[in-house]
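Summary of the model geometry
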Amino acid sequence: MDLPQIDLMMDATGMPMVRVAYEAEYTEIAPLIAAVPALVQPNHAQDAALAVNHLSEGFEYGVILDPAAFRIDYMARYDAEEGAEWQQGQPRLRDFGKPDLSRLAPPVIDGGTLVFFADDKYLGLAYQVTMSLSEPTPEYQPVPVAP
């Protein structure tokens, strides 16, 4: 089943909003899913992740669509911090430990659960996001630190 046009935007008050087919506007996840049930079909996991993340976090977090590219960029920034002096107000990736980036994967819908990875656009840290489709409240958990 094809999806209608879905646009991620902000409403007049600056709140995240999803516009569907240039007409209907949604500011909550459950009504969006009810109106566009095809969005939560397994073949639309990427679109679902983008919409859910946007409604939940706006532009503060971004969905990691290319895990390999994210790993390369993250590790380049992480490695570049080696030996850098700590400065107040300027957090470093190294301040949070080295995450197990091997866990990163593209968005998936499996068994009634949406799972995707997102990064905090300020700090650059990776999070695993899970959301039950029957109770659509996403949970953001930092990717665990590698052993």
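Let me sum up the structure you'll find in this document. Remember, predicted model here, so these are calculated numbers, not experimental data. (Residues numbered from 1 in each chain as written. Predicted model: local features only at pLDDT ≥ 70, side-chain atom pairs only at ≥ 80, totals over all residues. Heavy atoms only, no water.)

Re the overall build of the protein
Helices and strands together make up the secondary structure of the protein, namely three helices and eight strands. Order of helices (α) and strands (β) in the protein, N terminus to C terminus: β-β-β-α-α-β-α-β-β-β-β. Each principal axis of the C-alpha atoms in the protein carries an extent, and together these give about 50 × 35 × 25 Å. Across the 147 residues that make up the protein, the buried fraction comes to 38%. Within the protein, contacts between residues separated by at least 24 positions form 52% of all contacts whose residues are at least 6 apart in sequence. Surface accessibility of the protein: about 8400 Å² in total, with carbon and sulfur atoms responsible for 52%. (Helix = DSSP H or I, 4+ residues; strand = E, 2+ residues; numbered from the N terminus. Buried < 20%, exposed > 50% of the residue type's maximum accessible area, 1.4 Å probe, protein only. Contact = heavy atoms within 4.5 Å. Areas by Shrake-Rupley, 256 points an atom, 1.4 Å probe, with all protein chains shown as cover.)

Quick word on the packing of aromatic side chains
Scanning the entire structure with this criterion turns up five aromatic pairs. Ring plane angle 35° and centroid distance 5.8 Å describe the contact between Phe70 and Tyr74, whose orientation is recorded as tilted. With a gap of four residues between them, Phe70 and Tyr74 both fall in helix 3 (residues 67–80), about one helical turn apart. We classify Phe70 as buried; its relative accessible area is 10%. Ring centres 6.4 Å apart and planes at 20° place the aromatic pair Tyr74 and Tyr78 in the stacked group. With a gap of four residues between them, Tyr74 and Tyr78 both fall in helix 3, about one helical turn apart. Of the two residues, Tyr74 and Tyr78, both sit in the buried class. (Phe/Tyr/Trp six-rings, centres within 6.5 Å; stacked < 30°, edge-to-face > 60°.)

Considerations on the sheet that holds strand 3 (residues 24–26)
Across the sheet, three strands lie side by side as 1-2-3; this open sheet has antiparallel pairing. Of all strands in the sheet, those bounded by a partner on one side alone are strand 1 (6–10) and strand 3. Here the average twist between neighbouring strands, direction ignored, is 30°. By the bridge criterion, five bridges tie strand 1 to strand 2 (residues 16–20) in an arrangement that is antiparallel. By the bridge assignment for strand 2, Leu8 is matched with Val18. In this fold helix 2 (residues 45–57) packs onto strand 1, strand 2 and strand 3, with an angle of close to 145° to the strand it touches most, strand 2. (Pairing = 2+ DSSP bridges. Axes fitted to C-alpha atoms, helices over the stretch in contact; angles between N-to-C directions.)

Some thoughts on helix 2
The end-to-end C-alpha separation of helix 2 is 17 Å, in line with the 18 Å expected for 13 residues at 1.5 Å each. Downstream of helix 2 by one or two residues, Gly58 has phi in the positive range, about 65°. (Expected span 1.5 Å × (residues − 1).)

Notes on the nonpolar core
If you look at the biggest cluster of nonpolar residues, it comprises 38 residues, and the most contacted ones within it are Leu32, Tyr74, Leu104, Leu114 and Phe116. Looking at this core, the elements with two or more residues in it are strand 2, helix 1 (29–35), helix 2, strand 4 (61–63), helix 3, strand 6 (113–120) and strand 7 (126–132). Looking at this core element by element, the count peaks at six residues for helix 2. (Core = buried A, V, L, I, M, F, W, Y, C linked by side-chain atoms within 4.5 Å.)

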